[in-house]
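Structural features, examined
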2 protein chains.
Amino acid sequence: MASEDAVLAANRAFYDAFEAQDLNALSGIWEQSDRAVCTHPGWATLHGWEDIRKSFAMIFDGSEGLQFIATNERVQVLGNTAWVTLDENLLGGGLTGTVAAMNVFVRRSSRSRWYLVAHHGSPITTTFVEP
Amino acid sequence: MASEDAVLAANRAFYDAFEAQDLNALSGIWEQSDRAVCTHPGWATLHGWEDIRKSFAMIFDGSEGLQFIATNERVQVLGNTAWVTLDENLLGGGLTGTVAAMNVFVRRSSRSRWYLVAHHGSPITTTFVEP
């Protein structure tokens, strides 16, 4: 599998785990490190896997579930780092709308697996119009 | 200069150029490529340097200037890729507030210089409280 495809598969697995509200699956997708960072839409940035894990537990507790429809996915791979930008089109839970997201993945050479190390999502409220 | 310091210097140069509303300086800081991506707070993601350049021109046209005070800067370097997370504390232009930001930089080995390839900022409206 090409690196780009492997990264997109890891990216898809992240949203599948989010949809399934599966904290165990998420734990296997994220890099469980102090350098892991997560910015939920409108939130301050969380640093370190422990706070990130708690935030997802809290989100799952308070939500009836979300469906993510990804559009505009773009992936870049450079060595053992990759970043994906996409639009998360959300359905459900009263949160319908579109979130602009960027996800950074790192590969551990020894395992050839990609882990999510940074997630940043922000609600889209403005549409760019060329001046 | 250690790689981390070089990345933080490039990150600082980005905000200096933003504060100075200096489009020429910005042009030397960004990777002028199709893969460059930029998500201004509340905006949809812009793809490619040309649209990014236009967006900054538009922002500079409509703004009296912003001051950025960076806090919580964290940098990670992995090979020729680096990412920085920080809080942009904004003063001026009626936009006072804090933006959570993530910036991705890439190094061109031949030049040992770091270029900004992805910028994502989102307004902080929620404070995380542990469940």
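Scroll up for the structure.
On a predicted model such as this, the values are computed, not experimentally measured, just so you know. (Residues numbered from 1 in each chain as written. Chains lettered and ligands numbered in written order. Predicted model: local features only at pLDDT ≥ 70, side-chain atom pairs only at ≥ 80, totals over all residues. Heavy atoms only, no water.)

Digging into the overall build of chain A
Rule in force here: A run of H or I in DSSP becomes a helix once it reaches four residues, and a run of E becomes a strand once it reaches two; helices and strands are each numbered from the N terminus. A 1.4 Å probe rolled over the protein chains alone gives each residue an accessible area, and that area as a share of the maximum for its type sets the label: buried under 20%, exposed over 50%, partly exposed in between. Any two residues having at least one pair of non-hydrogen atoms within 4.5 Å are treated as being in contact. Neither His nor the chain ends contribute to the count of charged residues, in which Lys and Arg are positive and Asp and Glu negative. Where a charge lies is defined by one atom per residue type, namely NZ (Lys), CZ (Arg), CG (Asp) and CD (Glu).
Regarding its fold elements, chain A presents 3 helices and 6 strands. Moving toward the C terminus, one meets the helices and strands of chain A in the order α-α-β-β-α-β-β-β-β. When the backbone C-alpha atoms are referred to their principal axes, chain A occupies close to 40 × 40 × 25 Å. Burial status across chain A gives 47% buried among its 131 residues. Here the analysis covers contacts within chain A between residues at least 6 apart in sequence; of these, 46% occur between residues at least 24 apart. In chain A, which carries 9 positive and 15 negative side-chain charges, the distance between the mean positions of the two groups comes to 9 Å.

Brief notes about the sheet that holds strand β5 (residues 97-108) of chain B
One key point about sheets: their strands pair by backbone hydrogen bonds, in either a parallel or an antiparallel sense. All names here are of chain B. Cut-off, in case you're wondering: The criterion for strand pairing is that DSSP finds at least two bridges linking the strands in question. Axis definition: a line fit to C-alpha positions, over the contact stretch in the case of helices; interaxial angles, taken between N-to-C directions, run 0 to 180 degrees.
Strand order in the open sheet formed by 6 strands is β2-β1-β6-β5-β4-β3, and the pairing between neighbours is mixed. Each end of this open sheet is capped by a strand with a single partner; those strands are β2 (46-47) and β3 (67-78). Bridge count for strand β1 (residues 37-39) against strand β6 (residues 113-123) is 3 bridges, and the pairing is parallel. Paired with V37 across the bridge in β6 is A118. The strands that helix α1 (residues 3-20) touches are β3, β4 (81-91), β5 and β6; relative to β3, the one it contacts most, it runs at about 150 degrees.

Observations regarding helix α1 (residues 3-20) of chain A
All names here are of chain A. This is how the line gets drawn: A helix is expected to span 1.5 Å for every residue after the first.
Helix length check: α1, at 18 residues, gives a terminal C-alpha distance of 25 Å against a target of 26 Å (1.5 Å per residue), a fit within 8%. Considered for burial, the residues of α1 that qualify are A6, V7, A10, N11, F14, Y15, A17 and F18. Next to the buried residues of α1 lie α2 (23-29), α3 (49-61), β3 (67-78), β4 (81-91), β5 (97-108) and β6 (113-123). Taken from the residues just after α1, Q21 is the one with a positive phi, measuring 50 degrees.

Notes on the relation of the copies chain B and chain A
Under the convention used in this document: Least squares is the method for superposing the copies, and the C-alpha atoms it fits come from residues with pLDDT of at least 70 in both.
Taken as rigid bodies, chain B and chain A are interconverted by a rotation of 180 degrees and an axial shift of 0.0 Å, the fit giving an RMSD of 0.0 Å. Viewed as a symmetry operation, the transformation between the two copies matches a two-fold axis. Considering only C-alpha atoms, the residue of chain B closest to the rotation axis is S122 of chain B, which sits at 2.7 Å. A high fraction, 100%, of the interface residues of chain B reappear at the interface in chain A, so the copies pair face to face through one surface.

Structural notes on the interface of chain B and chain A
Applied cut-off: Once two parts are joined, some of their accessible surface, as seen by a 1.4 Å probe, is lost; buried area is that loss totalled over both. Just to be clear on terms, a salt bridge is a Lys or Arg side-chain nitrogen sitting within 4 Å of an Asp or Glu carboxyl oxygen. Under this definition, polar contacts are N or O atom pairs within 3.5 Å; protein pairs additionally need one hydrogen-donor-capable and one acceptor-capable atom, and for neighbouring residues in sequence, both atoms have to be side-chain atoms. Gly is placed with the polar residues, together with every amino acid not listed as nonpolar (Ala, Val, Leu, Ile, Met, Phe, Trp, Tyr, Cys and Pro) or charged (Asp, Glu, Lys and Arg).
Taken together, the 39 residues of chain B in the interface contact 39 residues of chain A. Across the interface of chain B and chain A, roughly 3,400 Å² is buried in total on both sides, 66% from carbon and sulfur atoms. Counting across the interface, chain B meets chain A through 0 salt bridges. Applying the counting criterion to the chain B and chain A interface returns 4 residue pairs in polar contact (both at pLDDT 80 or more). Elements with a minimum of two residues in the side of chain B that touches chain A: β1, β2, α3 (49-61), β3, β4, β5 and β6 of chain B. Among the elements that take part in the side of chain B that touches chain A, β6 of chain B stands out by supplying 6 residues, more than any other. A per-class count over the side of chain B that touches chain A returns 19 nonpolar, 15 polar and 5 charged.

Everything listed is a geometric property; what it means functionally is a separate question.
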